[in-house]
Structure formats: C-alpha cells, structure tokens
Amino acid sequence: WHRKRREVELDADDGFLNFDSEPWSEVWSAGSRLGDTPLANLRIPAGKVQLVLRNPELGFEKRVSVTIAPGETASKNVTILKGVLNVYADLPADVYINNSKAGATPLAGYEIFEGSYKLRLVNRDKGIEKVIPLIIAPGQAKTISETLAR
C-alpha cells in the first residue's frame with residue numbers, strides 16, 4: 001500500500017501562522033485540530049482567525065484571535081496564567097473540574113489556569129449533583145458559594 005501524494009497550491013488568500021503557548025496547548029480552529037504548540041509556518045486562510053487552546057492534562061481551554069494577512073506570516077506567543085478558585089457549599093461535596101476531582105468543599109486557594117471549565121459539585125449521600133459553568137480570568141480570585149440542600 002502506498003499513499004498518494006497531494007500537491008497543494010498556495011491560495012492567494014492564505015497566510016502562515018507561527019504560534020506557541022506556555023504551557024503547551026492543542027490548537028483548534030473552526031472545530032478542526034491544527035496541531036500542538038509550537039506551530040511553525042502553518043498555512044491558514046488569511047483574516048481574523050479564532051483559535052481555541054486546550055490542554056487536556058492541565059484541563060484549561062482559552063480562546064484567542066490572530067489576524068493573518070494574505071501571503072504574510074503572523075507570529076503569536078501566549079502565556080496561560082493562573083487564577084485562584086474557592087468553592088463553598090451548604091452541604092459537603094466533592095469538587096470536580098472538567099471531570100477531574102479537585103478536592104472537597106470547602107475548597108480554598110485552589111490554583112487553576114485561566115480559561116473555561118465545567119465545575120461539578122457532588123454530594124453522593126443525598127444524590128445531589130450541581131454543574132456550574134466557570135470562567136477564570138488571569139490573576140482572578142473567584143469564589144463560588146452554592147446551596148445544594150433542596
């Protein structure tokens with residue numbers, strides 16, 4: 001078996017992207033994975049491009065945009081910063097962030113990378129589960145206080 005080699009012509013409306021992040025990230029655009037950082041000389045349609053940076057090991061997701069001029073190379077480096085999360089509830093609960101257990105309430109001073117998350121509070125004894133969308137900004141100290149009792 002052998003692969004058929006494709007010749008790809010450069011579209012006049014394409015540009016190139018050099019992109020890196022600290023820590024490393026998967027880079028996605030329009031639902032397609034472009035690769036992992038660092039990306040070098042990635043051919044991409046020119047214009048304003050929305051990128052989603054994800055790191056499944058560290059659990060963060062961050063959105064950034066970059067503008068690419070036709071025939072030009074755009075370069076961007078992004079540092080993902082941390083914030084602090086505090087979670088309190090009226091009943092004892094396990095705290096999950098994107099399905100990874102972070103601890104139990106009260107959870108105080110938990111360092112977390114900036115980005116979008118799904119916070120889940122679970123009290124198994126009473127069969128209660130509450131899901132909360134969570135956005136952490138760089139340097140932000142965010143406190144979540146939830147009522148679980150019905």
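From a predicted model like this one, the values you see are computed outputs, not experimental measurements.

With that settled, the discussion passes to the pattern of salt bridges. If you walk through the whole model with that rule in mind, you get ten salt bridges. Linking K101 and D94 is a salt bridge whose minimum nitrogen-to-oxygen distance equals 3.3 Å. The exposure class of D94 is buried, given its relative accessible area of 18%.

Summarising the sheet, strand 5 (residues 47–55) and strand 6 (residues 60–68) pair through nine bridges and their orientation is antiparallel. Among the inter-strand pairings, N55 is bridged to a residue of strand 6, identified as F60. What sits between the antiparallel neighbours strand 5 and strand 6 is a turn of four residues, in which G59 has the positive phi angle 80 degrees.

Of the voids in this model, the largest pocket is the one considered here, and its volume is about 340 Å³. If you go around the largest pocket, you meet 21 residues; those closest to its centre are L58, G59, F60, I97 and Y117. Top element by residues in the lining of the largest pocket is strand 11 (residues 107–113). It accounts for four residues. Looking at side-chain class alone, the lining of the largest pocket contains nine nonpolar, five polar and seven charged residues.

It is worth spelling out the packing of aromatic side chains at this point. Within the structure shown, the criterion is met by one aromatic pair. One Lys or Arg, R54, reaches over the ring of W28 and ends 4.9 Å from the middle of that ring. Stacked on the ring of F113, the Lys or Arg K82 has its end atom at 5.0 Å from the ring centre.

Analysis parameters
- Think of each chain on its own: its residues are numbered from 1, step by step along the sequence as written.
- In keeping with the model being predicted, local features are shown solely for residues with a pLDDT of at least 70 and side-chain atom pairs are shown and tallied solely at 80 or more, while totals for entire chains, interfaces and linings include all residues.
- Hydrogens and waters are ignored; side-chain quantities use all the structure's heavy atoms.
- For this document, the term salt bridge refers to a Lys or Arg side-chain nitrogen within 4 Å of an Asp or Glu carboxyl oxygen.
- Between buried and exposed lies partly exposed: a residue is buried under 20% and exposed over 50% of the maximum accessible area for its type, with that area taken using a 1.4 Å probe on protein chains only.
- In this analysis, strands are considered paired if DSSP registers two or more bridges between them.
- Secondary structure elements follow DSSP: runs of H or I of four or more residues count as helices, runs of E of two or more count as strands, with numbering from the N terminus.
- Residues are said to line a cavity or pocket when one of their atoms sits within 4 Å of a point; the points come from a 1 Å grid over protein atoms alone, cavities being sets where a 1.4 Å probe fits but cannot get out and pockets being open sets with protein on both sides within 12 Å along at least five of seven lines.
- Grid points are joined across faces, edges and corners, and a volume is the space filled by probe spheres set on the points.
- Under the scheme applied here, ten amino acids are nonpolar (Ala, Val, Leu, Ile, Met, Phe, Trp, Tyr, Cys and Pro), four are charged (Asp, Glu, Lys and Arg), and all others, including Gly, are polar.
- The aromatic pairing rule takes the rings of Phe, Tyr and Trp, using the six-membered ring of Trp, and pairs them if the centres are within 6.5 Å, calling planes under 30 degrees apart stacked, those over 60 edge-to-face and the rest tilted.
- Two thresholds decide whether a charge sits over a ring: the Lys NZ or Arg CZ must be within 6 Å of the ring centre and within 35 degrees of the ring normal.

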